[in-house]
Amino acid sequence: MGESILVIEDDSNIQELIVEFLSSEGYEVDYANDGLEGIQKFKQGSYDLIILDIMMPNLDGYGVCKMIRKSSGVPIIFLTALDDESDQIKGFELECDDYITKPFSFNLLIKRVEAVLRRSNKTVGDRYVCFEKLRLDLDTYIVDIDGEVVELTLKEFNILKMLIEKYPQVITREGLLDSIWGYDYYGDTRIVDAHIKNIRKKMSLPYIKTVKGIGYTLEKDI
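Residues numbered from 1 in each chain as written. Predicted model: local features only at pLDDT ≥ 70, side-chain atom pairs only at ≥ 80, totals over all residues. Heavy atoms only, no water.

- Per an unreviewed UniProt entry, the recorded name for the chain is Stage 0 sporulation protein A homolog, and the organism is Asaccharospora irregularis DSM 2635.
- Quoted verbatim from the Function (unreviewed entry) heading of the UniProt record, the comment on the chain is "May play the central regulatory role in sporulation. It may be an element of the effector pathway responsible for the activation of sporulation genes in response to nutritional stress. Spo0A may act in concert with spo0H (a sigma factor) to control the expression of some genes that are critical to the sporulation process." (UniProt positions renumbered as here; feature names shortened; annotations may be inferred.)

What to know about the UniProt feature "modified residue: 4-aspartylphosphate" (unreviewed entry) in the chain
Turning to step 1, where the next piece is worked out: Per the UniProt entry, the sites bearing "modified residue: 4-aspartylphosphate" (unreviewed entry) are D53 in this numbering.
Turning to step 2, where the next piece is worked out: Within the fold, D53 resides in the loop between β3 (49-52) and α3 (61-69).
Turning to step 3, where the next piece is worked out: Residue classification places D53 among the buried residues on the basis of a relative accessible area of 3%.
Turning to step 4, where the next piece is worked out: With residues up to four places along the chain from it excluded, the contact list for D53 reads I8, E9, D10, G61, L79, T80 and K102. (Helix = DSSP H or I, 4+ residues; strand = E, 2+ residues; numbered from the N terminus. Buried < 20%, exposed > 50% of the residue type's maximum accessible area, 1.4 Å probe, protein only. Contact = heavy atoms within 4.5 Å.)

A few points about the environment of F104
Turning to step 1, where the next piece is worked out: The topology assignment puts F104 in the loop between β5 (98-101) and α5 (106-120).
Turning to step 2, where the next piece is worked out: Classification of F104 by relative accessible area gives buried; the value is 18%.
Turning to step 3, where the next piece is worked out: Separated by 11 residues in the primary sequence, F104 and E93 have C-alpha atoms spaced 22 Å apart.

This is the structure:
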């Protein structure tokens with residue numbers, strides 16, 4: 001069974017083509033005609049990825065993304081005619097995983113879908129990743145230390161997840177930027193340092209080690 005994708009798109013012609021194309025590639029595809037229906041479908045089902053238009057009646061894509069992000073870190077790709085940089089920045093600020101502008105190539109769409117699903121690395125049977133006293137729940141995005149829940153943002157969660165999965169590798173700042181923020185982020189690598197600082201403060205555990213001039217790795221509590 002392929003991964004499950006929800007397509008939220010009000011243009012019936014585009015919606016039909018996307019659903020048909022993704023289905024032919026082996027994905028299980030569900031669809032909604034507007035933002036409100038999309039939210040209802042999201043609450044009722046379990047999806048590995050959401051493809052989301054922005055300009056829709058009843059509730060626009062930004063509103064849908066904001067509501068979903070209150071409870072879930074499911075990957076979201078915006079697929080929209082809005083191609084201004086400000087629109088794309090707003091999408092990434094709402095923590096979307098990719099942003100594709102119309103008109104688009106279906107072959108490119110598939111590649112972007114594959115890349116986002118690969119980055120999310122959410123497979124059945126891998127519900128938890130653990131390191132020493134840390135346990136990350138990949139379904140609920142909850143982090144706990146010896147049973148005590150630690151509140152992390154989605155970006156912080158994904159940074160910690162990557163460090164655990166790649167242990168004992170040293171992950172460069174650029175590597176973290178590319179994996180967590182995606183290739184559309186052109187900002188300063190210091191944003192990674194700021195997030196690491198927040199994670200350390202919230203965890204109060206000495207697991208994250210800075211490798212000077214390179215990046216970060218994890219170190220066991222001896």
